[in-house]
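# Structural overview for review
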Amino acid sequence: RGGLQTDVSGRGHELRVDEPAWAGGDDTGPMPTELLTAGLASCFCLAIAWAANKRGIALPPDLKVGVAAVRAGKEARYGRYEVAVHSSLPEAELEPLVERAKRFCWVTNTLATPPEIAYEVHAGG
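What this report covers is the structure whose coordinates are included nearby.

Calculation notes
Residues numbered from 1 in each chain as written. Predicted model: local features only at pLDDT ≥ 70, side-chain atom pairs only at ≥ 80, totals over all residues. Heavy atoms only, no water. Phe/Tyr/Trp six-rings, centres within 6.5 Å; stacked < 30°, edge-to-face > 60°. Helix = DSSP H or I, 4+ residues; strand = E, 2+ residues; numbered from the N terminus. Buried < 20%, exposed > 50% of the residue type's maximum accessible area, 1.4 Å probe, protein only. Polar contact = N/O pair within 3.5 Å; in protein donor to acceptor, adjacent residues only side chain to side chain. Contact = heavy atoms within 4.5 Å. Expected span 1.5 Å × (residues − 1). Pairing = 2+ DSSP bridges. 1 Å grid on protein atoms, 1.4 Å probe; cavity = no way out; pocket = protein on both sides within 12 Å on 5 of 7 lines; lining within 4 Å. Points joined across faces, edges and corners; volume = space filled by probe spheres on them. Nonpolar A, V, L, I, M, F, W, Y, C, P; charged D, E, K, R; others polar.

Throughout the structure, instances matching the rule amount to 2 aromatic pairs. Taking the centre distance of 4.5 Å and the plane angle of 45 degrees together, the rings of W50 and F104 count as tilted. Placement of W50 in helix 1 (residues 32–54) and of F104 in helix 2 (residues 91–104) is noted, with a sequence separation of 54 residues between them.

As structure tokens, then:
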């Protein structure tokens, strides 16, 4: 797209990804690291909803999952993600849902046991 902008798509949805101005971008979309954090937060939220549904628990509409990414020293990566779950649901009902969600959240499981990454380069054609 030019500059540091790129468009990504999946299942017919498109999303602009960019960097903020202070990092040399035009700030036309979230940064890739913000998408990773949002992926963890949204997947974990959906996993809690799935667990509640399985147990016949009606979740209040105030359920929120926040994720803070903590940088690993000066390395170009995060060394820790802190997941905070907020709800007016009583703790005795919410805690078991969070524990069950930990096992069924694909993003949590992927980050907990990182996959191998294979790179291919296709050039000149």
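Now that the structure has been shown, the text picks up again.
Bringing the side chain of Q5 into the picture now. Turning to its location among the elements, Q5 is positioned in the segment before strand 1 (6–10). Residue classification places Q5 among the buried residues on the basis of a relative accessible area of 15%. At 3.1 Å, the side chain of Q5 and the side chain of D26 are in polar contact. Ignoring sequence-local partners within four residues, the contact set of Q5 consists of R16, V17, D18, D26 and T28.

With 23 residues, helix 1 extends 33 Å from end C-alpha to end C-alpha; this agrees with the ideal 33 Å at 1.5 Å per step. Looking at the buried residues of helix 1, the elements they touch are strand 3 (64–71), strand 4 (78–86), helix 2 and helix 3 (106–112). Note on helix 1: the residue one or two positions beyond its end, G56, has a positive phi of about 70 degrees.

On to the pairing of strand 3. Where a strand is regular, its side chains alternate between the two sheet faces. As judged from the 8 bridges shared by strand 3 and strand 4, these two strands associate in the antiparallel manner. Paired with G66 across the strands is A84, a residue of strand 4. Between the antiparallel neighbours strand 3 and strand 4 lie 6 residues, among them G73 with a positive phi of about 60 degrees.

The subject of this paragraph is the layout of surface pockets. When its volume is computed, the largest pocket comes out at roughly 390 Å³. Taken together, 17 residues make up the lining of the largest pocket; nearest its centre are L40, Y81, T108, T110 and L111. Those elements giving two or more residues to the lining of the largest pocket turn out to be helix 1, strand 4, helix 2 and helix 3. Among the elements that line the lining of the largest pocket, the one with the most residues is strand 4, at 6 residues. Grouping the amino acids of the lining of the largest pocket by side-chain chemistry returns 11 nonpolar, 3 polar and 3 charged.

Another point: the environment of L63. Examined against the element boundaries, L63 turns out to sit in the loop between helix 1 and strand 3. In this structure the C-alpha to C-alpha distance between L63 and H86, which are 23 residues apart in sequence, comes to 5.7 Å. In this structure, L63 is in contact with C45, I48, V85, H86 and S87, ignoring residues within four places of it in sequence.

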